[in-house]
Structures are given as structure tokens and as C-alpha cells.
Amino acid sequence: MAAVPAPAMLARTRRLGDRLGDGILFSLTALAAAVGVLVVALIVWRVAAGAWPAIEEYRLAFLWRNAWNPVTNDFGARDLIVGTLVTSFGAMLLSAPLSVAIGLFLSELAPPGVRGIAGTLVELLAAVPSVVVGLWGIYVLAPFSAHHLQPLLGGGATESTVFTAILVLTIMTIPITSSICRELFLSVPAELEQGALALGATRWEMVRTIVVPSVRGGVVAAVILGLGRALGEAIAVTQVIGNFIPLKLSIFEPGDTLASRVANQYQGAPSDLAVSSLIYLALILLAITFVTNLAAQRVIRR
Amino acid sequence: MTDLRATGRARRRLVVNRLAEATALLAAAAAIGVLGILVWSVFSRGVHALSLDFFTKGPALYGETGGGVAPALAGSLLLVVVATALALPFGVLTAIFVSEFAPRRIGNQVRLWLDVLNGFPSIVIGIFVFALCVKVHLPLVGWGNHQSAIAGGLALAVIMLPLVARATMEVLALIPGELREASHALGVSKWQTVLRVVLPSSLGGILTGTTLAVARAAGETAPLLFTCALAGRATDWNPTHSVNSIPMLIFQYSEAPDQSLHEQAWALAFVLIAFVLVASLTARFLLDRSRRRFTSS
């Protein structure tokens, strides 16, 4: 009886073209995947290298220096970092509860016919380009906010304010966070929900005791992903925030953020130090979003 | 007769439930309302400036009225073509690697880093390409050391890459394993299975994923700020030159002092938003259909 040849021997009987084809396709795809991963490393490297002159000049003190003066060639990031954190966390404060509520509406509350349409509309809000949101922010939202919302909250009638930027960021992050929330809530087993209802819970009690607790980590990740978007948004923010530092002590005054300052200087910086300080700002932004993103991915993958 | 209306604790629970339901409904209505107001503002303010001249002419000279945005339309098309030409092959090949070749552990790593790339702010991508090939002196033909459509397209390609790759992975995962097994059982080698069986059946999904990525890239301004922003006034098809683009022009006109430029900004926003919304809606519709085809069979 002839012995069955070992797999390694069988492999050698395959046509040369197939062996070559498999190898070539494998190498090509592996190369492409490697490029995709290497781009991340390349971004970090090139941005850090571009910022190097400013890093050498200021070291970490750049983070708490407060200056942006191209005339005296003096730069620092403190108020821009503060502005970034204030606008982003302000937007999260508004967007997180709203997004969870929208996610609940789309997954638990809405009648099946409405669900698909409403979900698509909310996601379309994410597809609106930021420059269009910004344009709308300047000419529609900012005047409305200045004359109707800000006086209610005890602010003045200034149009370009940190508050307007917070509103714009809220609008831009809601579709991201709420569509992830909807997916999460839909993933909760129907048996658990029906069990709670059968025991006499109201819909709200079912949501509070079953749905939300079972996906709490995911909701946190969804909010962090929205936060990442808010931290990095440049165009829409620079259009409405007024591009002004030093920061005032009120959110109803003009301000600025890291991304917005970088975007605003696109027509050219006067000196090499100004250019590399600008890239230093991008590097800080990169570091912040890198950490928030990795954190969110970690939570999601668990 | 007993009163059947809830009282006390039960009544409170019902009221709380009603309040919660109303809040959720209001939140969803607010989000959709904002979309409606936004689209309506853009439409009502932009529609007047739309005319044949708007689409076919360059910007008006100083002191003249009228003029159009033809250079920006051409430039956006050029940028998107460059970006797609770069991102599509890399994205699809990466997805094939992850779903057909890579061991699970490596595949997960690639996925993770693509997601991280997707989370990078677009302004940082712009600065990256600026530092990579605008600021430095590259001795390559015609590009490097200055802004160009190639640099801008490269920045947009970095934005599109994770989108195309993730969308393609999703479609490849939907292709039934039986198809691959049947092909293997007939003695077809792996590379032919991938090219002749797997890819053709996922073509529709790849196309819709790419459409969504194009819709996103066409509206991005931040990556172009430092890579393809300072351009002349004429229509220019040379990819080694810096070109005008729709989002850049909206951004510049939105802060211009001239009232007629504001109107053009709104009209451009209308063109952009119409393209983006129609593209995303069609892509979504087709994606749903192809998904249903694979999951129902």
C-alpha cells in the first residue's frame, strides 16, 4: 500500500504558477498592511521631527508658557491647551447625555418604522463636512446663540465665543457617540430586557437596571471617541471661536484651541521657530488624541 | 368601585418613565432638527448664487461682479482622484491581508492601528504631509518643497486609507466561508480563490466603502491647509501645482469681507453637502442591500 505523501511533499507537486502566485499575493498584501501600520509611526516621527527646533528652544516649558507673538518670536501653548480642554469637555458635558438618550430612543423606544429613518438622519449629521458646519456656525448659530442663548445664561452678546465652539462641537460629536451607543444597546440580549419587563419594570427601569449597566464600558468608549473628535476639530472651531488668547475667564468670550490655532496660521508663519512651534502644537494634539484613542480602543476590545 | 389609576409609588414610577421617554424623544428630535435647519440654511442661502456661470467660470476680477468657482470644482476632482488612486489599492490589499492571510493576532494589531490612524485629527495629518513633503527639500521630479495637488491628495489618502480598509474587511467577512472552501475543494489555489472568487463577490461592498471614503475626503479642509491651499485663480489640472478646492474656497470665502463671496460660499456649501449626502445615502442603501443578500442566503 502506497503511503500517503506528507503535506510538504504534496506542496511540491503544485504548479509553479500557483506557488509563485500565492507568495506574490501574500507579500503584496502584507506589504500594504505594513505600510498602513507604518504610516502611524511615520506620522509620529515626522511631526516630532518638524517640531524639533521648538522643542529644543522651549523643551516641556512650552506647555505652560503663555505667549503667541510672531513679532517677538515668542511662543507657548498654555492657553491653547486650556482652550482645547474647555471646549472639548464642555461639548462632552452636553453631548454625552444627549447621545445616550438618542441611542436609547433609536434602539429601545422608536417604533420599528421610524427607527431606520431616524438612525440614518442622525448618522447623516456626521457626514456634513466640518467647513459647512463652521460656515453655518458663523452666520446662523453664532448670532442666534449671542442674542438668545448667551443672555439667558448670563453672558454678553459677543458672536465669536468659546460657548459657540462648544455648541458646534456638541453637534459634531453627537452622531458619532449616539450611533455607537445605539449599536451597544441593540447588542443587549432581548431575553434580559423582556425578563425585566415581565417582572413589572417600566421601560425606564429596564433601561436603568439592565441595558445601561451591561454596556457601561462601551458607552464610556463611545464618549471618549466623541471626545477625540472634539479635541482634534480644527476648521469648524477656528471659524466660530474668535482665535483670541490670552483666554478670558468666561466662556462667553473669544478663545482658541490647539487645532484651531494651527489651522488659522495656514497662510504662512514668519519664522522657522514659528513654523516649528506650530508643529509642536500639532504634536501635543497628536499625543492627546493618541492616548484618548488607545484608551477607547482598549475599552471596546474588552 | 375601586379607582384603577395608579397612586403613590406606582404613579411615581410611571411619571418617571414618561419623563425618560420624553427626554429620549426630544434628544433625537433635536439632533434631526439641527440637521434639518442646517440643510435648509445652506439650501436657502446658496441656491440664489447657483447659475451656469457659477459652475463654468473662474473667480471675478477685483471690482467685477459675478464669477464662478470652476477652478475649485476641477481642483477638488483632481485631489479626490489622486487620493483614491493612492488609498484604494493600499486599503483593499490591507483588508485582504487581514481577512485572508494574517493570523488572528497580527490581524487584530493591523485593525487596532488602522483605528488609531482613523482617530488622528485631520489637521495633524495635514501637518504630517507638510513636514513630510512640503517643508523639506525632496529631489523628486516636480514635487516636494512646495504645496501641490499630490501633497494634498496624499493627505486625503491617509484619511481615506483606514476607511477603505475597514469597509473592505467588513465586506470580506460577510463572504460565506463555503465559497472559499468550494473553491479550494476544486483544487484552486489560494491566490486565484482570492482574486477570482472572493474579490468579485465583494466588489459592490468595496465600491460603496470607497464612495463613503470619497464623500468624507471631498469635504475635508484641514488636511489641505498646509499642503494645497495657496493656489492661483485659473483652472489647473497639473497635480504638481497647488490647486483650488471646494472646501478651501468655502473656508476662505466664509471669512472674506465681501458679501457676494459669502453667497458663493453658501452656494459651494450647497454643492458640497448635496454631493456628500447623496453619496452617503446611496452607499448606505447599496451596502444594506448587499449585506442582506449575504446574510439571507
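Residues numbered from 1 in each chain as written. Chains lettered and ligands numbered in written order. Predicted model: local features only at pLDDT ≥ 70, side-chain atom pairs only at ≥ 80, totals over all residues.

## What to know about the overall build of chain A
Looking only at helices and strands, chain A features twelve helices and two strands. Taken from N to C terminus, the helices and strands of chain A fall in the order α-α-β-β-α-α-α-α-α-α-α-α-α-α. Here the C-alpha atoms of chain A give a radius of gyration of 25 Å, more than 25% beyond the 19 Å that 2.2 N^0.38 yields for 302 residues. In terms of overall dimensions, chain A has C-alpha extents of about 95 × 65 × 30 Å along its principal axes. A burial count over chain A gives 48% of its 302 residues as buried. (Helix = DSSP H or I, 4+ residues; strand = E, 2+ residues; numbered from the N terminus. Rg over C-alpha atoms; globule rule 2.2 N^0.38 Å. Buried ≥ 20, exposed ≤ 12 C-beta atoms within 10 Å, placed from the backbone.)

## A look at the overall build of chain B
Looking only at helices and strands, chain B has ten helices and zero strands in total. Written out in order from the N terminus, the α and β elements of chain B read α-α-α-α-α-α-α-α-α-α. Here chain B has a C-alpha radius of gyration of 25 Å; the compact-globule value for 297 residues is 19 Å, and the former is much larger. Counting only C-alpha atoms, chain B reaches 85 × 70 × 35 Å along its principal axes. Out of the 297 residues belonging to chain B, those deemed buried represent 46%. The long-range fraction of contacts in chain B, counting pairs at least 24 apart against all pairs at least 6 apart in sequence, stands at 76%. (Contact = placed C-beta atoms within 7 Å.)

## What about the packing of helix α12 (residues 272–301) of chain A against helix α4 (residues 104–119) of chain B?
Relative orientation of the contacting elements α12(A) and α4(B) amounts to 135°, with a least axis distance of 9 Å. With respect to α4(B), the element α12(A) is oriented oblique. Crossing of α12(A) against α4(B): the hand is right-handed. Residues T289(A), F290(A), N293(A), L294(A) and Q297(A) of α12(A) lie in contact with α4(B), whose contacting residues are L112(B), D115(B), V116(B) and G119(B). Partitioning the contact of α12(A) with α4(B) into residue classes produces four nonpolar, four polar and one charged. (Axes fitted to C-alpha atoms, helices over the stretch in contact; angles between N-to-C directions. Parallel < 35°, antiparallel > 145°, perpendicular 65-115°, else oblique. Left-handed = near helix turned anticlockwise from the far one by under 90°. Nonpolar A, V, L, I, M, F, W, Y, C, P; charged D, E, K, R; others polar.)

## Some remarks on helix α3 (residues 70–101) of chain B
Residue and element names in this part refer to chain B. The first and last C-alpha atoms of α3 sit 45 Å apart over 32 residues, in line with the 46 Å expected at 1.5 Å per residue. Maximum bend of α3: about 25°, positioned at A87, with proline P89 one to four residues after it. The buried fraction of α3 is high, at 24 of 32 residues. (Expected span 1.5 Å × (residues − 1). Bend = angle between axes of the 7 residues up to and from the residue.)

## Comments concerning the packing of helix α2 (residues 16–58) of chain A against helix α8 (residues 190–218) of chain B
Between α2(A) and α8(B), the least distance of the axes is 7 Å, while the angle of their chain directions is 65°. Residue-level contacts link G21(A), D22(A) and L25(A) of α2(A) to K190(B), W191(B), Q192(B) and V194(B) of α8(B). Split by residue class, the contact of α2(A) with α8(B) holds three nonpolar, two polar and two charged.

## Describing unusual backbone geometry
All names here are of chain A. Following I245, the chain continues into P246 via a peptide bond in cis, with omega recorded as 5°. Looking at the element boundaries, P246 is found in the loop between α10 (235–240) and α11 (258–264). Positioned with a positive phi, R59 is a non-glycine residue whose angle comes to about 50°. Turning to its location among the elements, R59 is positioned in the loop between α2 and β1 (68–69). Phi is positive for N243, which is not a glycine, with a value near 50°. Considering the arrangement of structural elements, one finds N243 in the loop between α10 and α11.

## Some points on helix α5 (residues 122–134) of chain B
Over its 13 residues, α5(B) extends 17 Å from the first C-alpha to the last, a length consistent with the 18 Å expected when each residue adds 1.5 Å. Counting buried residues along α5(B), 13 of its 13 residues qualify, which places the element largely inside the surrounding structure.

## Here we look at the interface of chain A and chain B
If you look at the interface, chain A gives 68 residues, while chain B gives 69 residues. A total of 20 residues in the side of chain A that touches chain B trace back to one element, the largest contributor, which is α2(A). Looking at side-chain class alone, the side of chain A that touches chain B contains 49 nonpolar, 14 polar and five charged residues.

## Concerning the environment of V158(B)
Along the polypeptide, V158(B) turns up in helix α6 (residues 149–174). The spatial distance from the C-alpha of V158(B) to the C-alpha of I106(B) is 21 Å, given a sequence separation of 52 residues.

## What to know about the confidence of the model for chain B
Residues and elements named next belong to chain B. Looking at chain B, pLDDT values average 88 and 93% of them are 70 or higher. No element of chain B has a lower mean pLDDT than helix α10 (residues 259–296), which averages 86, and none a higher one than α3, which averages 95. We note a pTM of 0.92 for the whole complex and an ipTM of 0.91 for its interfaces. (pLDDT = per-residue confidence, 0-100.)

## Observations concerning the environment of S202(B)
All names here are of chain B. Positionally, S202 belongs in helix α8. C-beta crowding within 10 Å serves as the criterion here: with 25 such atoms nearby, S202 is assigned to the buried category. Sequence separation of S202 and I175 is 27 residues, and the distance between their C-alpha atoms is 7.2 Å. In contact with S202, not counting residues within four places along its chain, are V171, L172 and I175.

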